[in-house]
Structures are given as C-alpha cells and as structure tokens.
Amino acid sequence: MADPVVPSSGVLSPLGLDAVRLSPGFWGDRVALNREVTIAHCQEWEEREGWIGNFRGERPRRGREFSDSEIYKLLEAMAWADHPGLPALAETVARAQEGDGYLNTRWSGSRYTDFAWGHELYCYGHLIQAGVARLRVHGEDRLTEVAVRAADHVCRRFMEGTETCGHPVIEMALVELYRATGTERYLEMARRFVERRGLPALADIPFGRAYYQDDLPVRRAQVFRGHAVRALYLASGVVDVAVETGDEELLKAVEAQWERTVARRTHLTGGMGSRHADESFGEDYELPPDRAYNETCASIASIMLSHRLLLATGDARYADLAERTLYNMLATGVALDGRSFFYANPLQVRVPAVPLEGVNHAPEGGLRSPWFDVSCCPNNIARTMASLPAYVATSSAGGIQIHHLTPSEIRHGRLAVRVETGYPWTGSVRVRVLEGGPGGITLRVPAWASGATIVHVPAPAPGAPPPGDPAVRPASPGYVSVEGPCRAGDEIRLELPMAPRWTFPDRRIDALRGSAAVERGPLVYCAESVADEPPLGDLAARVGPPVEREMDGVVELEVAAALGSGGDGGWPYAPVAGGRAGGADVTLRLVPYHRWGNRGPATMRVWLPI
Ligand SMILES: [Zn+2]
C-alpha cells in the first residue's frame, strides 16, 4: 500500500495514495504545487548549497552535520510523487554508501563518535523512510537497496549495547521497514532503541537530558518535553513499536502524554514548542504568542503522531488536532507560490522582518525564506504534501471513514466515492457514491461543529416510486455514519456550521490573558498589517459577531476595534488596573493565519486584546 504508515493492527486501516486521489481544492491544489514547484525548488537549493555534492565526494564538505537527511527527505517526497528525478539522485546517494552499509558524508572515517549531536542514526531514519516510500510506490530499486543495507548495518552495529541517537526518527523508520518487508530484526532494533532511551543512554548536556528525551524512560514520562521535533518523532516511533508488539501499556503512556500536551502545551494553531533557545516545549501553559517557536517540523511530527494514534484507536480527537495543525501550521509553512517557507511560526510578529537575499541563518518567523542553513522544514513540507492523500481517509470492516473533508475520490474494495466541497470556506460537503459496495460511509464532524446535520439521499431504485424527502439528522461532533451497503448514485450531504467564533484562552496561559482570537471552521484568523497599514501594537477588539467578506475565493473577516496611537506614557506600569485606554474606532480585517506573510514584510497577531 502506498502509505507512510501501515500498521499490522489497529481500529482503523490506512488508505494510501493508490486509494485516495485529491481533486482541485484546498489540499489538492497544494499537493499539485508541491509536486510541480516545491520538490524542484528543494533539489535546486540542495545542489546549490553543495549538500548533494557531498555525496559525490566534493570537498570541502558543505552544510551541517545532518544535511544528508535533507536529501533523504527530498527523496521521500520524490518517491511519493513518483517524480522522474528520483533515480538519478538515488544513484548519487548509493555511490557514497560504504561496503558494510555505512553511509554518512560528514562522519565517514570517524563514525559513531558523537551520539548526542552526530545525527548518524537520524540520517539513516530519513533514508529508510525514503526507501520505504519507494518500495511501496514503485517496488525494489537502487534506493530501496541502499535503505535496506543501511538498516542491516544499523542492526548489526547496535542490536547489542546501550547506544542510541540524540535525534529520534530511526525508531519509526525501522518499524515501517519491518512493516514493508516483514524482517523482524528491524522491529526488534526499534524496540531496543525505544527502551534504551532515558536509562539514560546519552551524555548530559547544557540543555539537560530532557532536550533529547533521555531524562527518563518513555513509559514513565507524563508529557512531551524537550526539543519538540525530537519528542514528537520519538512518540511516533513509540506508537509504532507499541502497536506492532501489542504493548498496550506503552500505547497508553503515549496517549496520556499527548493528552496533557494538547491540554497545556499547544498553541491555538496546533503549533508545539514555545522556546527558541532549545526549540523545546515550555512548561505547562507557557504559550507566549510573540515568542512562540512552533517549528514547522514539529507540526508535521505532531500530524504524524496524531495520525498513528487515530489508526490505533479510532478516536476523533486525534483527527481534530491533525486537522487544526494541517490548516494552521502545514499550510502556513509554505508560501502560496510554493517557493519559500516558515521555520518558526509565532502567533504575533511585532516588527516587520527585513527581506533577505539567499539563505536564512536565523529561523525567526517574520518572513518566509527560500532556504535555511538548517532546511529541515522545506523538505519536511515537501514529503508531507507528497504523501498527504494518505492522511485523508481510512477503512475498517464497516467501510470508509473520511477524516479530512476535502475534494477527493476514495476507493476501498468495491466502494468508490467522490467528495465534493468548498471546505474550509464552506461547510457543505457532498459525498457521492460512484460505485456501490457492502461498506458504509463515516464522516468526521469536527469538535467545533456543534449543530451539524447529515442527510442520506438514496439513489432512486429502478421502477420504485420516488421516495419522500429523506430525513435530516443531527450530526454531533465525532463521527457520523451512513450504514452500508451503499449503492451507486447514493449521496450524503453534511452541513457544518461555519459562523465565525471567538475563542478565549485558559486563564493559566498568562501571556494571553485579556485577549481573544477568532476562528472560522478549522481556520485560525489573524490581523495583519503591511507597509502603510495601521500598526497592530496598540489595539482593543470588541467581541461582537465578525462580518464575513469573500475575497477571491477566500473568506476574510472584519471585527470592530479601537486602535491607539502607540504613544508612550514614559513607564508601562500604573497604580491602577487597565493601563492605556482609548483610540480610534476602526474596522479590523482578519485573514486566515495560513495566508499571512504573503504580501511582504508585515506585523501580525492572532490574539487580540479585548
Ligand atoms: Zn524544521
């Protein structure tokens, strides 16, 4: 199955790229742009920066110690997209592999001397994921051979002992290779890497061992902590190991960590990771909008984790978080032209960024950049977009479950359906049955969609009198099903209420006290100010019904606000509560957060003082 995650058991089974095709629409357009523009963009920059040349032995070696992993992520993107550039790039990589399977352009000759920062196993992880993608889309070839040789090398070198990598990802890669090949030692190697972590297995460092989740065994952790990408990749691998080994305790541990992290350490956009210094989660409720780090890669890792938990449990809350993160983080991470990217994703930008020529060395969140010294995010976006159809729907004995409502055609067994919708701009979704089958159809009703309705319009039976009006049923958040069998011509109509809504923060999030945000459907909105538009630093919004305006197919919102001059009183504190007041009445325009930053340097805020 052409799918990044194919567990051997679970409540739901994945439907891969061969079963789900996206049609033009919010995600279909982005997936096409990724295939046509972003993949080539990444390859051009990796060539220009010398990271591909490293595999050809060009000297001096260029790029960071983990730059090999970027080529592997690109190869994974190419594999999912069945891109014609893959064989040549895979051949370049293959020629750098050593006789025993070792492959790393930075550490060749001084291998395995720095587990904390060397990223050797991390790089293999991405290589193996690329190999699995190629195997599932195309079958065995040079890339899959290289990946298997690397995995065998890892098993020989690390099966015994106490070592592991400072940056997880090898765990989920090895489990997936086990799933794709049936070779059990890959699963056993992944299991041992998971169990070793936190004993501890790595050196103590100035950030502390929590930085790389080596402060305590994963079974004993209460919450995700430390470097957010590392924490979420590890958790994804732990779910994979738990599912394949039937380790319920381990699965429950990750579910509990996910639950607390979502309740206390997640931004409204689904972004994770508050701290810039070590790219880490903060403490509970440490969620400042302006200093939010929210690395794009952490959001991708969060989507990967939630998808795995969804497959294992069938619980809608995992699809809900994945949807929030898809629309407000993944879609934000890449510009509308597919050629520049956010690394950090704060919820407030106070000062417009200065446009850069060339490589960005500081991944702050003011403007998207075409490339970074550490370009994990662009390549991660490329591979995630390329495999995005695999996240849309699943199957079970009961039929098809559609978790993400986007224009698409989905096939499972004899059942084939077409999803037609303008979502997320409209809440009307039609699912037409193209070919009938024994299974039913289940749709996810997002957690915010109270008051949704569903109606099943059966195809007219030949020779039968026309049926009366079909019954409209309420559809509560969670899942709503139309039982099978479904017949060609059947239609399901789901209506989600799309009125904009104000959202208020938990009072324990000190940095957000006294403010509110506006959401509509799955989208978080923000105020944005470019060039000579009024600045957003000194404003107070009035909580009233936002007005909708459609602009070029995009729904924008307007709210009433008072805008101050921003003048100083000399001292930003006072003996009375309330601080500065007043300002001119204005209509404040709000745009979907994922669209901000496409009009040049800007200030921006999601949370509006009220
Ligand atoms: Zn990244």
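Going by the structure above, here's the rest.
Since the model is a prediction, treat every value here as computed from it, not as a measurement. The residue count restarts for each chain, going from 1 along the sequence in the order it is written. In view of the model being predicted, local features appear only for residues whose pLDDT reaches at least 70, and side-chain atom pairs are presented and counted only at 80 or more, with totals across whole chains, interfaces and linings using the full set of residues. Computation of side-chain values: all heavy atoms of the structure, hydrogens and water removed.

**Focus: the coordination of the zinc ion**
In an ideal octahedron of six donors the angles at the metal are 90 or 180 degrees, and in an ideal tetrahedron of four donors they are 109.5 degrees.
Working step 1: Donors, by definition, are the N, O and S atoms found within 2.8 Å of a metal, the threshold being 3.2 Å for Na, K and Ca, and water is not counted, so a site can look incomplete. Here the zinc ion is held by the protein donor atoms Glu295 (OE), Cys297 (SG), Cys376 (SG) and Cys377 (SG), which lie 2.1 to 2.3 Å from it.
Working step 2: Sites are called tetrahedral only when four donors show all angles between 85 and 135 degrees, square planar or octahedral only when four or six donors show opposite pairs over 155 degrees and all other angles between 65 and 115, and irregular in any remaining case. Classification of the site at the zinc ion rests on its four donor atoms, whose angles at the metal span 97 to 119°, yielding the label tetrahedral.
Working step 3: One chain supplies every donor to the zinc ion, and in sequence these donors are spaced E-x1-C-x78-C-C. Here Glu295, found in the loop between helix 9 (248–264) and helix 10 (296–313), pairs with Cys376, found in helix 12 (residues 376–386); they are 81 residues apart in sequence, far enough to count as distant. Exposure class is identical for Glu295 and Cys376. Each is buried. A run of DSSP states H or I qualifies as a helix once it reaches four residues; a run of E qualifies as a strand once it reaches two. Both are numbered from the N-terminal end. A simple rule labels every residue: compare its accessible area, found with a 1.4 Å probe on the protein chains alone, to the largest value its type can have, and call it buried under 20%, exposed over 50%, or partly exposed in between.

**Focus: the packing of helix 10 against helix 11 (residues 316–333)**
Working step 1: Note on geometry: axes are lines fitted to C-alpha atoms, helical ones only across the stretch in contact, with angles between N-to-C directions running from 0 to 180 degrees. Closest axis-to-axis distance for the helix 10/helix 11 pair is 9 Å, and the angle between their directions is 155°. Here helix 11 runs roughly antiparallel to helix 10, going by the angle between their axes. Crossing geometry of helix 10 relative to helix 11 is assigned as left-handed. Seen from helix 10, the contacting residues are Thr296, Ser299, Ile300, Ser302, Ile303, Ser306, Leu309, Leu310 and Thr313; seen from helix 11, they are Tyr318, Ala319, Leu321, Ala322, Thr325, Leu326, Met329, Leu330 and Gly333.
Working step 2: Split by residue class, the contact of helix 10 with helix 11 holds eleven nonpolar, seven polar and no charged. Oblique is the label for any angle not covered by the other classes, which are roughly parallel (under 35 degrees), roughly antiparallel (over 145) and roughly perpendicular (65 to 115). Here a crossing is called left-handed whenever its near helix is offset anticlockwise from the far helix by less than a right angle, and right-handed whenever the offset is clockwise. Contacts were defined at the residue level, with two residues in contact if any of their heavy atoms lie within 4.5 Å. Note on residue classes: Ala, Val, Leu, Ile, Met, Phe, Trp, Tyr, Cys and Pro are nonpolar, Asp, Glu, Lys and Arg are charged, and everything else, Gly too, is polar.

**Description of the pairing of strand 10 (residues 452–457)**
Where a strand is regular, its side chains alternate between the two sheet faces.
Working step 1: Criterion used throughout: strands pair if DSSP finds at least two bridges between them. As paired elements, strand 10 and strand 11 (residues 472–475) share four bridges and run antiparallel to each other. Its bridge partner being in strand 11, Val455 is matched across the sheet by Val472.
Working step 2: Inspection of the sheet shows strand 10 paired to strand 13 (residues 491–495) by five bridges, in the antiparallel sense. Residue pairing in the sheet places Val455 in a bridge with Arg493 of strand 13.

**Some words on the packing of aromatic side chains**
Working step 1: When the centres of two rings from Phe, Tyr and Trp lie within 6.5 Å, Trp using its six-membered ring, the rings pair. Their planes under 30 degrees apart give stacked, over 60 give edge-to-face, and anything left gives tilted. Applying the stated criterion to the full structure yields 24 aromatic pairs.
Working step 2: Note on Phe26 and Trp27: the rings are 5.0 Å apart at their centroids and 75° apart in plane angle, and the pair reads as edge-to-face.
Working step 3: According to the relative accessible area criterion, Phe26 is buried, its value standing at 7%.
Working step 4: With a centroid separation of 4.9 Å and an interplanar angle of 50°, the aromatic rings of Phe26 and Tyr327 are classed as tilted. A residue pair is termed long-range when its members are at least 10 positions apart, and Phe26 in helix 1 (residues 26–48) and Tyr327 in helix 11 qualify at 301 residues.
Working step 5: Here a set of aromatic residues connected by ring pairs shows up, and it is made of Tyr102, Tyr112, Phe115, Tyr124, Phe158 and Phe193.

**Regarding the state of the cysteines**
Working step 1: Sulfur atoms of two cysteines make up a disulfide when they are within 2.5 Å. One pass over the full model with this rule turns up zero disulfides.
Working step 2: The structure places no disulfide on Cys165, whose sulfur is separated from the nearest cysteine sulfur, that of Cys123, by 8.0 Å.
Working step 3: You can call Cys165 buried: its relative accessible area is 3%.

**Examining empty space enclosed by the protein**
It is a probe the size of a water molecule, rolled over the atoms, that shows where empty space is left.
Working step 1: Buried and open spaces are told apart on a 1 Å grid over the protein atoms alone, a cavity being a set of points where a 1.4 Å probe fits but cannot get out and a pocket being an open set with protein on both sides within 12 Å along at least five of seven lines. Residues with an atom within 4 Å of a point are the lining residues. Grid points are joined across faces, edges and corners, and a volume is the space filled by probe spheres set on the points. Overall, the coordinates contain four cavities of 30 Å³ or more when judged by the stated rule.
Working step 2: As a volume, the largest cavity reaches approximately 150 Å³.
Working step 3: Around the largest cavity, the lining is made up of 15 residues, and of these Pro4, Glu76, Gln129, Met304 and Arg383 lie nearest the centre.
Working step 4: Those elements that place two or more of their residues in the lining of the largest cavity are helix 2 (68–80), helix 4 (120–137), helix 6 (170–181), helix 10 and helix 12.
Working step 5: No other element matches helix 6, which puts three residues into the lining of the largest cavity.
Working step 6: Considered class by class, the residues forming the lining of the largest cavity number eight nonpolar, three polar and four charged.
Working step 7: Considering only enclosed or pocket space, the second largest cavity measures out at about 70 Å³ in volume.
Working step 8: Grouping the amino acids of the lining of the second largest cavity by side-chain chemistry returns six nonpolar, two polar and one charged.

**Considerations on the sheet that holds strand 12 (residues 478–482)**
Strand pairing in a sheet relies on backbone hydrogen bonds. The paired strands run either parallel or antiparallel.
Working step 1: As summarised here, the arrangement of the five strands in space is 1-4-5-9-12, forming an open sheet in which the pairing is mixed. Two strands close off the open sheet at either side, each with one partner strand: strand 1 (13–14) and strand 12.
Working step 2: Sitting on the sheet, helix 11 is in contact with strand 9 (440–445) and strand 12, with an inclination near 60° to strand 9.

**Side note on a nonpolar patch on the surface**
Working step 1: Think of a patch as exposed residues, more than 30% relative accessible area, with no salt bridge, where like charges cluster within 9 Å and nonpolar side chains (Val, Leu, Ile, Met, Phe, Trp, Tyr) cluster within 5 Å. Reported accessibility uses the Shrake-Rupley method at a 1.4 Å probe radius. Residues are deemed covered only where the shown protein chains occlude them. Think of a salt bridge as a Lys or Arg side-chain nitrogen and an Asp or Glu carboxyl oxygen that are within 4 Å of each other. Together, Phe504, Val543 and Ile610 make up an exposed nonpolar region whose accessible area comes to about 280 Å².
Working step 2: As for its placement among the helices and strands, Ile610 is situated in the segment after strand 22 (608–609).
Working step 3: What makes Ile610 partly exposed here is its relative accessible area of 44%.

**Concerning the environment of Val334**
Working step 1: For Val334, the position within the fold is in the loop between helix 11 and strand 3 (348–349).
Working step 2: Contacts of Val334, omitting those with residues within four sequence positions, involve Ser340, Phe341, Arg368, Ile381 and Met385.

**What about the pattern of salt bridges?**
Working step 1: For the structure on display, the rule yields 61 salt bridges.
Working step 2: Between Arg179 and Glu176 there is a salt bridge, and its shortest N-O distance comes to 2.8 Å. With a gap of three residues between them, Arg179 and Glu176 both fall in helix 6, about one helical turn apart. We note that Arg179, like Glu176, is buried.
Working step 3: Ionic pairing is found between Glu259 and Arg317, a salt bridge with its closest N-O pair at 2.7 Å.

**Some remarks on the side chain of Ser302**
Working step 1: Mapped onto the elements of the fold, Ser302 is located in helix 10.
Working step 2: According to the relative accessible area criterion, Ser302 is buried, its value standing at 1%.

**Quick notes on the sheet that holds strand 8 (residues 428–435)**
Working step 1: The sheet built from seven strands is open, its strands ordered 2-6-7-8-13-10-11 with antiparallel pairing. Strands with a single pairing partner mark the edges of an open sheet, and in this sheet they are strand 2 (20–22) and strand 11. Strand-to-strand, the axes of this sheet are offset by a mean angle of 20°, without reference to chain direction.

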